[in-house]
Amino acid sequence: MNLKLYKPLCIFDLETTGTNIGKDRIVEICILKVNPDASRESKTWKVNPEMPIPKECSDIHGIHDEDVKDAPTFREIAPKVVEMITGADLGGFNSNRFDVPLLAEELLRADFDFDLSKFKLVDAQTIFFKKEPRNLGAAYQFYCDKTLENAHSAEADVMATFEVLDAQVGRYEDVPNEVAELSTFSTQNKFADLAGMIHFNENGHEIFAFGKYKGQKVKDVFQKDLGYYGWLQNADFPLYTKKVFTKIQLSSKF
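The model shown is predicted, which means the values in this text are computed figures rather than measured ones.

Across its full length, the protein holds 11 helices and seven strands. Its C-alpha radius of gyration of 19 Å places the protein within 12% of the 18 Å reference for a compact globule of 254 residues. Reported as C-alpha extents along the three principal axes, the dimensions of the protein are approximately 55 × 45 × 30 Å. Split into buried and exposed, the 254 residues of the protein put 52% on the buried side. Partitioning the contacts of the protein with sequence separation of at least 6, the portion at a separation of at least 24 is 61%. Measuring between centres, the 31 positive side-chain charges of the protein sit 7 Å from its 40 negative side-chain charges.

Okay, structure coming up:
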């Protein structure tokens, strides 16, 4: 194994009802937990999203309403997911922009806290795009000399992603093999939240990336317009973004 791990790394992939982080739900999740000694364990769950799966999504991942009608809800499997990822770092393919934010939403809906600061995030897609701009199937062919069978199956995608990530570390001298450094290398933009609605300014302060206060410090806005905080909490924003707003709002009182 080319990767140098000091704690477990959980590579995971989600199949979902769509791409709206705030509204869509998981229909399948696979987690591959790779330990520092290179031993591995994997778990795959079909999930009842408690909403219809759009045909265009089923056409991609092959999971239909009938396939998950008797599956557990995410709330029911959430304790097992939390147990598996606790004490680990997280990785995936396009995971920083989609899988991690959506997983955070599902965990928060299920009343499990998700604290981004406890995880290093490694995105094999970002590394791939920096080195060989293509998709997962092409990455698998390029780095592993294999054809990706059953693409858009969570299990096939997550297994291929780990092999790609491990091969990337072995191929490039300037790609680090430790997760903390890989996390930095595979991060395109650093945001305060997962949806990219709260940015940092040059001094490291959280600022709005949208709306009438765009570019202004969140803490300053909350001090002068507390009603705006209330509006944000009642608006259709991702739960993790609301959590970050609440943390900033509480700190703005001091």
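Here the focus is the state of the cysteines. Inspection of the entire model under this criterion finds zero disulfides. Residue Cys-30 stays outside any disulfide, its sulfur separated by 11 Å from that of Cys-10, the closest cysteine. Judged by relative accessible area, which is 0%, Cys-30 ranks as buried. No disulfide involves Cys-144; its sulfur sits 16 Å from the nearest other cysteine sulfur, which is in Cys-30.

Glancing now at the pattern of salt bridges. Applying the stated criterion to the full structure yields 13 salt bridges. The residue Asp-70 makes a salt bridge to Lys-69 at a minimum N-O spacing of 3.0 Å. Among the residues examined, Asp-70 registers a relative accessible area of 69% and is labelled exposed. Between Lys-146 and Glu-163 there is a salt bridge, with the nearest N and O atoms lying 2.8 Å from each other. Taken as a pair, Lys-146 in the loop between helix H6 (136-144) and helix H7 (154-171) and Glu-163 in helix H7 lie far apart in primary sequence, 17 residues in all. Given the relative accessible area of 37%, Lys-146 is considered partly exposed. Given the relative accessible area of 26%, Glu-163 is considered partly exposed. Among the charged side chains, a salt-bridge network with shared partners connects Glu-66, Lys-69 and Asp-70.

Let's shift gears to the nonpolar core. Ranked by internal contacts, the top residues of the largest apolar core, which has 48 residues, are Ile-29, Phe-74, Phe-114 and Phe-208. Where this core is concerned, the elements lending two or more residues are strand S1 (9-16), strand S2 (26-34), helix H3 (74-85), helix H4 (95-109), helix H9 (218-224), helix H10 (226-234) and helix H11 (239-251). It is H4 that contributes the most residues to this core, seven residues altogether. Apart from residues no more than four positions distant in its own chain, Phe-114 is found in contact with Leu-90, Val-100, Ala-104, Leu-107, Leu-108, Phe-119, Leu-194, Tyr-240 and Lys-243. Judged by nonpolar contacts, the second largest core, of 31 residues, contains Val-122, Leu-136, Leu-148 and Leu-165.

One can find Asn-96 in helix H4. By relative accessible area, Asn-96 is classed as buried at 16%. For Asn-96, the contacting residues outside a window of four places in its chain are Pro-101, Leu-121, Val-122, Asp-123, Ser-186, Thr-187 and Leu-194.

As a further point, take the pairing of strand S4 (residues 89-92). One face of the sheet, then the other: side chains in a regular strand alternate in exactly this way. Alternating residues of S4 divide into Asp-89 and Gly-91 and Leu-90 and Gly-92, and every residue in both groups is buried. In the sheet, S1 pairs with S4 via three bridges, with the strands oriented parallel. Bridge assignment links Leu-9 to a residue of S4, and that residue is Asp-89. Looking at chain direction, S4 and strand S5 (residues 121-123) are connected through three bridges and run parallel. Paired with Leu-90 across the strands is Leu-121, a residue of S5.

Reading guide: rules and limits
Residues numbered from 1 in each chain as written. Predicted model: local features only at pLDDT ≥ 70, side-chain atom pairs only at ≥ 80, totals over all residues. Heavy atoms only, no water. Helix = DSSP H or I, 4+ residues; strand = E, 2+ residues; numbered from the N terminus. Rg over C-alpha atoms; globule rule 2.2 N^0.38 Å. Buried < 20%, exposed > 50% of the residue type's maximum accessible area, 1.4 Å probe, protein only. Contact = heavy atoms within 4.5 Å. Lys, Arg positive; Asp, Glu negative; His and termini not counted. Charge placed at Lys NZ, Arg CZ, Asp CG, Glu CD. Disulfide = S-S within 2.5 Å. Salt bridge = Lys/Arg side-chain N within 4 Å of Asp/Glu carboxyl O. Core = buried A, V, L, I, M, F, W, Y, C linked by side-chain atoms within 4.5 Å. Pairing = 2+ DSSP bridges.

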